[in-house]
Every structure is written in structure tokens, then in C-alpha cells.
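Descriptive structure summary
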Amino acid sequence: MPGPSLTALELAQRLEGTLQGCPPDRVLTRVLPLDEAGEGDLSFLSNPKYRAKAHESAAGLILADAGADLGDRPVLVVKNPYWAFAQAVGWLYPEPEPEFHDGPVHPAARLGEGVRLGYGATVGARTVIGARTRIHPGVHIAEDCVVGEDCEFFPGAVLYRGTRVGDRVRVHANAVLGSDGFGYVPVQGVHRKIPQVGWVEVGDDVEIGAASTVDRGALGPTRVGAGTKIDNLCQIAHNVQVGEHCVMASMTGISGSTTLGHHVTLAGKVGTAGHIHIGNGAICTGNCMVGKDVPDGAMMSGHLARPHRDWLEAQAALGRLPGVLRTLKQKGIL
Amino acid sequence: MPGPSLTALELAQRLEGTLQGCPPDRVLTRVLPLDEAGEGDLSFLSNPKYRAKAHESAAGLILADAGADLGDRPVLVVKNPYWAFAQAVGWLYPEPEPEFHDGPVHPAARLGEGVRLGYGATVGARTVIGARTRIHPGVHIAEDCVVGEDCEFFPGAVLYRGTRVGDRVRVHANAVLGSDGFGYVPVQGVHRKIPQVGWVEVGDDVEIGAASTVDRGALGPTRVGAGTKIDNLCQIAHNVQVGEHCVMASMTGISGSTTLGHHVTLAGKVGTAGHIHIGNGAICTGNCMVGKDVPDGAMMSGHLARPHRDWLEAQAALGRLPGVLRTLKQKGIL
Amino acid sequence: MPGPSLTALELAQRLEGTLQGCPPDRVLTRVLPLDEAGEGDLSFLSNPKYRAKAHESAAGLILADAGADLGDRPVLVVKNPYWAFAQAVGWLYPEPEPEFHDGPVHPAARLGEGVRLGYGATVGARTVIGARTRIHPGVHIAEDCVVGEDCEFFPGAVLYRGTRVGDRVRVHANAVLGSDGFGYVPVQGVHRKIPQVGWVEVGDDVEIGAASTVDRGALGPTRVGAGTKIDNLCQIAHNVQVGEHCVMASMTGISGSTTLGHHVTLAGKVGTAGHIHIGNGAICTGNCMVGKDVPDGAMMSGHLARPHRDWLEAQAALGRLPGVLRTLKQKGIL
């Protein structure tokens, strides 16, 4: 169903901004990144390092501040483009009211043949559950979800509105798919929420451990690729893209918008920065914190993560260091 | 409602201790720290470094061991003051029996206008829910809670007895507010529980992520200040005081009794020691472990956390170290 | 009840392997490690370092590859012994269908005197609950569990099928006992699941924090010893054996098959490798990552964990290192 739309003029009025190079009656219906946006789409420039992208953007309207200098691009000049963006997201993608119902299965839900439902589980409006999927007691699947065949959801697992899950997916107890991403704009010292209007997509044959959390995208999907296995108490932040056949051991956290290739192995308690890429077949050992891109096939360790051999060498050297400093002092060098 | 009380004599008899400088009929009704206790209050001295505080305390009775030497202070001499304290907490603040009921909303609960309740959610006795608050399926709010207006609780969120939540608070799926703090006294090799009789207070406009946990205070509140945003899988231990407008990214853990100022930023996977203070506007970067107080405005990194620039320099030096050691060996210095 | 069994010949046919030194009609009913298996038991040799164990094994049949060279031991030669083992586990220990029922308590469950059950909680078939145990709203206890007396389960706690819990155990909100361990065999780039057919055993007087997870064993039990206290958001992996009277602070994770002695203290955010042993009375300080065995009574710190004093010394030396490198450069040594 089509969502609401706003004209450039309406946006300018609501955001108290000034239109430049944009017909006031241009209709905006979506919000997209600079390099994906087309004529009907709103985008924004907040970080100056993306100015070149903004210059080349085909967006119908770009939110930017007075110093942005974007030539003939259609611009809505506002004081705080990031906050203006957050507000526009809220207007163009309004959160629907939750549709609570009195019984476990909403009359508008569709359950496939042989679906089994435990006591106290709920299935929301328009949600579709594939054949033979087992929904244990106390599982809550909200509105507009699409769940494949032969899945199993253990007690207390939660799917927020709009979550999409493939076939043969197992979600363990108290795991959460589709919770809000962690996105705020500081406005005069107050953290104003960026509406999180994306969703979660989980491929076939994925297994997700107990009490793990996968946040919905801010815009668009957070994805977990087919065949990937995620252990307990892991966190997948908004707009992360996990490739296929990855393995992620317990207590690993992937920060927002980071992408993993295929066949990546993350041992327990790994953490990553946001907006980085971990290449195909890379391995990150236990407890390492990955601060930047990891090439295909690399093996990384440590905090900050270094190539595994360098890390082993550095750890050995660190162990020797106190003795070395004593020797240097005895020799009068220090 | 007033709780139970005990006379100094009754305490002495139950704890098999000896009263010094205290009328046996003095009535004790509360347990408080040495510097907050008054005449009707029981306190205790377990760690000798607090002896000066005990000397100045106005407590009606102080549990201490035979070597404490507290002059004319009213003392109950016991073998293990910490264990005596734990027992006294249990007597003066007895845990009420949970009041289960047959339906979702206890008849003694009060729901404001426009409150919406999902299937399988429960609201306990005497709990008050503010207007328009949305309680999704499978949320459990226990007895004696106070919840503000326009809040939203996603499926599986749990509020233990006595939790207090402001207005416009969002608590994501499977988050837990008010679970017991982690407090035990070792008594002859066995960990005896210190009853956790405090509660959780959450200010207005707070958001708490999926599967995060906020423990109740041991005595008194654990507090999360207004406007603070907490990501998924975070842990706030007993008696932590988080200031206003803080941001805490995923998998961060704050140990017991630590205090955060306002506008503190903790990146993902940060850990802190207990009983420290992190100043206003301080920033702790990803995965850092904060072992001691952090001044206002500081930026800390690493494990153990150091000022961010020192940490960057140390990390760079560590990377060079194996080569340096080889050079020193080649030159015959090592 | 006895499970299914297979003859050596049936196994050879299903796994497309070749029998050596084993009568084709030998009946195999269990899968056990090389050093525990007897005549009716199947075992496997995947890692060549266990070949000596395989030579001495009394197993009725050993899955091994063509190069294993196990003399007169009864062997089923297969291409991928680990994957063959995973398949055989699935055949000999088939996962029963979950037995959902229409009400909160399955008619075949047995509740002791004075058990209290909150709204929306469920108790599965053949599960036995001891006297006076309190089961809060939204707790889900599956089939074939055995729960002791005077326990308390807070809202959203989940016990998978077959979990065994002693007396006076407290399990906090949204904790999970008995979820699948994280075990897969890579077969041509795809992670094939090793059925997790063990269970969880929790001793008397254990307390488990909110949103913590304890995985069932792959085969046999994962154990938490009597008197042990586990904080929030901890992870205990499959086949871990935690001794008695241990303390594990928040966000600690124990990897698979690791064993802890008694009276072990793990501070917050500790991580351990798998298959190691942490000795009686050992202490691991906050955030440390334990990569190998820890002797009785040792105190370990850091990442990788070292003895605490060595770690303090190394950390101090690391802080001095940038200055030392500058000095060495000034003196012309570097």
C-alpha cells in the first residue's frame, strides 16, 4: 500500500527551511541514501565528506545546511539536516498503531498446513506462516510478518512487525528479531529518535541463538544470509548485512551498517565497528574488536584487531616488555 | 505501609551478638549506609576503610566485629557484620509473596484511559499504568509498579515488583527491569544471598533495548535518568545511577553502584568497574574497560581504559614492539 | 524408555562406508566419546591427535576416515567422520515432536503441593515440579523436566525439554536453560547441524540472572554445580561443567566443554576458550579472556589472560612504551 507523501513546499514549511532549485510542488514519497535516491525521493547531506555524492545525487530533494554549496541540485536548506531527515522519516513512514487482538491468532493471519501453535503464542494481522512451522508457547509474531515453512520458534522468541524469515529457520528462546535500531540525533543536548522504519530479513536455514537480538533497519532491511548460524546473546545492529554460511559465536556484536561477506567466522565476544566490511572467509578470533575493514580470508585477533600472527607476536613481546625495560635501565639506556 | 521493626535486643538475640552503648529497647526499622542512617536505622561496618565514617555515623545501631573500636557509637558486635547485615535486611524488608491472579489484569491494578493491552500480557496488583500506554502481548508487569503515560512495552518485556517508569518510555522486547542485583556474602565457603530489596526508577523519554537488564537496588533505587537511551543486551547493575541524556550502545555493562553524569556516551561493549564515577560528557570508546573514575569530558579507550590519545599511542607502540625487540637484540642490547 | 538402535551394517549402508573388523549385526544404541564407549556404543575419530585414544577405545564401532589406521579396532570407514557422527546422533537420538497442549499445564505434568502458577505460564508433558515452587506469569517449562522444591522462576524464564533443576533454585526473568548448543559440521561449505541431544542439570541453591543462557549438552549434560551464582546476560555453552559455589558476574561467557572447579570467581565480561579447565578457587578479573588452563587458586587478568601481577606489570610497561621508544630513538638506538 502506498504511504503518505509530501510536496517540497510542505516539507519546507514543516522544517522551516528554504527551497533552492526545486519546484515547490515536487512530490516526495520515500527517503533514500544519496546514491540510491531518484526524483521522487528525499535524501540528506549531514557529513561534509559525502558532498561529492550529494553533487552527483539524482534525489528529488536534498536536505542540507546553508554552507553545503550543492550547485544546481534541488536543496532544502535547514539548520540541522540530520534532524530534518529524522523528522521527514517519521512523516513519510508513520509507525502504524499496533493491532492487538483478543485471541492468540489474529483473524487476518494465515497459517499454513500443519502449523503448530503453543499455548500463549500470538500471531498478528496479515502475518503468513508457512507449512509445518512450529511456534512454541509464548512466542510473539507481530503484524505483517512472512515466515517460511518448517521453521521452529522456541518459547519467548519475538518477531516485530514486518519481519521476513525463510524456510527451515530456527529461532531460540527469547531471541528478538526486528527491534528498533539504535539511532538518535542530538538536538540541543537531547537525543531525538530517528524512526526505525526498516525491517529484518532472515534467509533459509538460519539458526539464531537464545536471547540474541537482530534490529530492524533504519530504512530498508537488516539481513542475515542463508545458512548463517548465530549463537546465543549476539547483537546484529540496524542495516547490518550478514552474508551466507557465516558462523557467529556467542556474545558477538556487529555494529550498524557493517557488512559481512560469505563464510565469515566470528568467534565468541567479537565486536565490530559500524560501517566496515569483513571479507569472505575471514576469521576473527575470540574477543577481538574489529575497527576497520578486514580483507577476504584474513585472520584477525586482539583489541584492536590485527592480523593474527602480528597479534601473537605483539602479545609475546608485551609479556617480555617489563623485563626488557628493566634490562634497558640496568644498561643505563633508560 | 510500614514494614516490620526489631529492637536492638531482638537483633542481638537473633544474630548472637553483644550490644555496646545501645539501649536494648531501641527500635530499628530501616537499614541505611553509615552516612545516611539516623536514630531508627541500622547500619554496618565491614570494610575497615569506612571506620571513620562509622565513628561519625548517627545510626541507631552499627553492626561491627569485635575489633572495630567505635568508641561510644551504639554497636552490635557480631562475628561477620556483612552477613549479619544481609540477615537483618531480610528481616526488616521481607519479600512479599507474589500475588498471582487468574486473568491478565489484577483487579487491584489501575489502567489509565486508552491503555492498550496485548494478548497474554499481565499487570499486577496495585500497579498503575498511565494513559495511552501500549502493552504488547506477553509483557509482564508485576505488583506495585508505577508506569507513566504514552509508554510502549514490546513483547516479553518484564517489570519486577515496584518498578517506576516515567512518561514516553519505550522498553523493547525481552528487556528486564527490576531483577535482583548480584549480591552475596561468603559465609564458610557458601554464597549467602543479600536480599535485594530496592527498586528501579526510569525517567521520562528513556528507551531501553531488547534483552537488556536493569537490576533493582540492593537497598534504594537503581536509576536511569530522563532522556537516556540504552541499546540491546546492556546490563545495569544494582544501585547504578545513570544521569540524563546518556547514550549506551549495545552490550555495555555498568557494575554495581557506579554513577554516570549527564550526557555520557558509552560505545558498544564498554564495561566498568563498580563504585566509580564517569563524569558529565565523558566518552568511552568501543569495548573499553573502565577501571576508575573518569573526569568530565574525558575520552577513554582500551583495556584498561586510558585517555584516548594515550591509548592510540600505546597501541601503535605495541605494534612496533616486536620489531623494536629484534633491533635491540641485533644491536646486542638485549 | 529405550531409543532406536542400528546395526553396524545399517550404519554402513546409510553412511556409505566400509566396515572393518566389526560383525555386521552388531547393535549400536548410543554415541559416546572414545574413552567412555563400550561394546554397544558408537564413537568417532575426527581429529588425528586422538588416535591413541581410538586405539585403546572399547567402542563397538568407530567412525574414522580411510587413513586412520586403527589396527584391529572395529571401524566404519567414511569420508567425513565428524559429519557421519552428526548424522548418527540424529538417528540414534531423534528429537521428539514438541507436545503442545491447549492449556497452561499438560495433563501429564505433576505439580507438587503448594506450587503456584502465574497467568500464561506453561508446564509440559511429564514434567515434575517440586513442592512450593513459584512459577511466575509467562514462564515456559517444556516436557520431561524435573524441577525441585522451593524454586522460583521469574516471568519469561524458559526451560527446554529435559532440563533438571535442584531445590531452592532461582531463575530470573527471560533466562533460558536448555537451548541448543552451537555445533555444526562444515560439509562442502555448508554448516550442517550436529543434533544437540543432551540436557542441562542445575544443582541446589543455584541462582541464574536475567536473560542468561545455559545450553544443553551436545551429548550428555551441561552442569551448573550446587550453590553457584550466575549474574545477568551470561552464557554457558554446551557440555560446560561449572563446579559448586562459583560466582560468575554479568556478561561472562564460558565456551563449550570447559570445566570450572569449585569456588571459582569470574568477574564481569570474562570470556574463556573451549575445552579448558579453570581450577578450584581461581579468580579471573573483569573482561579478561582466558585462553588456556588456569591452575587452582590463580588470579588472572587481561586479554589474553596472564597472571594478575604480570598483567599489571605489562599494562604499566605498555603505558611507558611510547616514551621509551622516543628515548631509544633520541639515543640513536632505533
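Scroll up to find the structure this text is about.
Notes on the structure in this doc start here.

How each quantity is defined
- Residues numbered from 1 in each chain as written.
- Chains lettered and ligands numbered in written order.
- Predicted model: local features only at pLDDT ≥ 70, side-chain atom pairs only at ≥ 80, totals over all residues.
- Heavy atoms only, no water.
- Helix = DSSP H or I, 4+ residues; strand = E, 2+ residues; numbered from the N terminus.
- Buried < 20%, exposed > 50% of the residue type's maximum accessible area, 1.4 Å probe, protein only.
- Contact = heavy atoms within 4.5 Å.
- Areas by Shrake-Rupley, 256 points an atom, 1.4 Å probe, with all protein chains shown as cover.
- Lys, Arg positive; Asp, Glu negative; His and termini not counted.
- Charge placed at Lys NZ, Arg CZ, Asp CG, Glu CD.
- Least-squares fit on C-alpha atoms with pLDDT ≥ 70 in both.
- Axes fitted to C-alpha atoms, helices over the stretch in contact; angles between N-to-C directions.
- Parallel < 35°, antiparallel > 145°, perpendicular 65-115°, else oblique.
- Left-handed = near helix turned anticlockwise from the far one by under 90°.
- Nonpolar A, V, L, I, M, F, W, Y, C, P; charged D, E, K, R; others polar.
- Buried area = accessible area lost by both parts, 1.4 Å probe.
- Salt bridge = Lys/Arg side-chain N within 4 Å of Asp/Glu carboxyl O.
- Pairing = 2+ DSSP bridges.

**A few points about the overall build of chain A**
If you tally the helices and strands in chain A, you get four helices and 38 strands. Taking the principal axes of the C-alpha coordinates as reference, chain A spans close to 80 × 60 × 35 Å. Expressed as a percentage of its 334 residues, the buried residues of chain A come to 58%. Long-range contacts, defined as pairs at least 24 residues apart, comprise 20% of the intrachain contacts of chain A with a sequence gap of at least 6. Surface summary for chain A: the accessible area is close to 13000 Å², and the carbon and sulfur share equals 51%. Positive and negative charge centroids in chain A, built from 30 and 34 side chains respectively, lie 10 Å apart.

**Re the relation of the copies chain A and chain B**
Screw-axis analysis of chain A against chain B gives a translation of 0.0 Å along the axis, an RMSD of 0.1 Å, and a rotation angle of 120°. Here the copies are linked by what is in effect a three-fold axis.

**Thoughts on the packing of helix α1 (residues 8-15) of chain A against helix α3 (residues 81-92) of chain A**
Residues and elements named next belong to chain A. At their nearest, the axes of α1 and α3 sit 11 Å apart, and the two run at 125° to each other. One way to sum up the angle between α1 and α3 is to call them oblique. Note that α1 runs across α3; the crossing there is right-handed. Across the interface between the two elements, Leu-11, Arg-14 and Leu-15 from α1 touch Ala-84, Gln-87, Ala-88 and Trp-91 from α3. Of the residues that constitute the contact of α1 with α3, the class distribution is five nonpolar, one polar and one charged.

**Points about the packing of helix α4 (residues 308-330) of chain A against helix α4 (residues 308-330) of chain C**
As a packed pair, α4(A) and α4(C) sit with axes 9 Å apart at the nearest point and diverge in direction by 55°. Taken together, α4(A) and α4(C) sit at an angle that is classed as oblique. Crossing hand, α4(A) versus α4(C): left-handed. In contact with A:Leu318, A:Leu321, A:Pro322, A:Leu325, A:Arg326 and A:Leu328 of α4(A), α4(C) contributes C:Glu313, C:Ala314, C:Ala317, C:Leu318, C:Arg320, C:Leu321, C:Val324 and C:Leu328. For the contact of α4(A) with α4(C), the residue count by class is 11 nonpolar, no polar and three charged.

**Focus on the interface of chain A and chain B**
If you look at the interface, chain A gives 53 residues, while chain B gives 50 residues. Interface of chain A and chain B: buried area, both sides summed, is about 4000 Å²; carbon and sulfur atoms make up 63% of it. When the area that chain A buries against chain B is broken down by residue, the three leading residues are A:Phe100, A:Phe182 and A:His303, summing to 18%. Linking chain A with chain B are five salt bridges. The salt bridge partner of A:Lys193 is B:Glu207, with a shortest N-O separation of 2.9 Å.

**Structural notes on the pattern of salt bridges**
Using the criterion set out here, one finds 57 salt bridges over all chains in the structure. Here A:Glu97 and B:Arg134 are joined by a salt bridge, their closest N and O atoms 2.6 Å apart. Pair noted here: A:Glu97 is in the loop between α3 and β8 (110-111) and B:Arg134 is in strand β12 (residues 134-135), and the two residues belong to different chains. A relative accessible area of 47% means that A:Glu97 is categorised as partly exposed. Three or more residues are tied together by salt bridges with common partners; here these are A:Glu97, A:Asp180, A:Lys193, B:Arg116, B:Arg134, B:Glu152, B:Arg170 and B:Glu207.

**Details of the pairing of strand β22 (residues 199-202) of chain A**
All names here are of chain A. Only one face of β22 is buried, namely the one carrying Val-200 and Val-202, since none of Trp-199 and Glu-201 on the opposite face is buried. Note that strand β17 (residues 164-165) and β22 share two bridges and pair parallel. Bridging from a neighbouring strand, Val-165 pairs with Val-202 of β22. Pairing geometry for β22 and strand β25 (residues 221-224), over four bridges, is parallel. Directly across from Val-202, in β25, lies its bridge partner Val-224.

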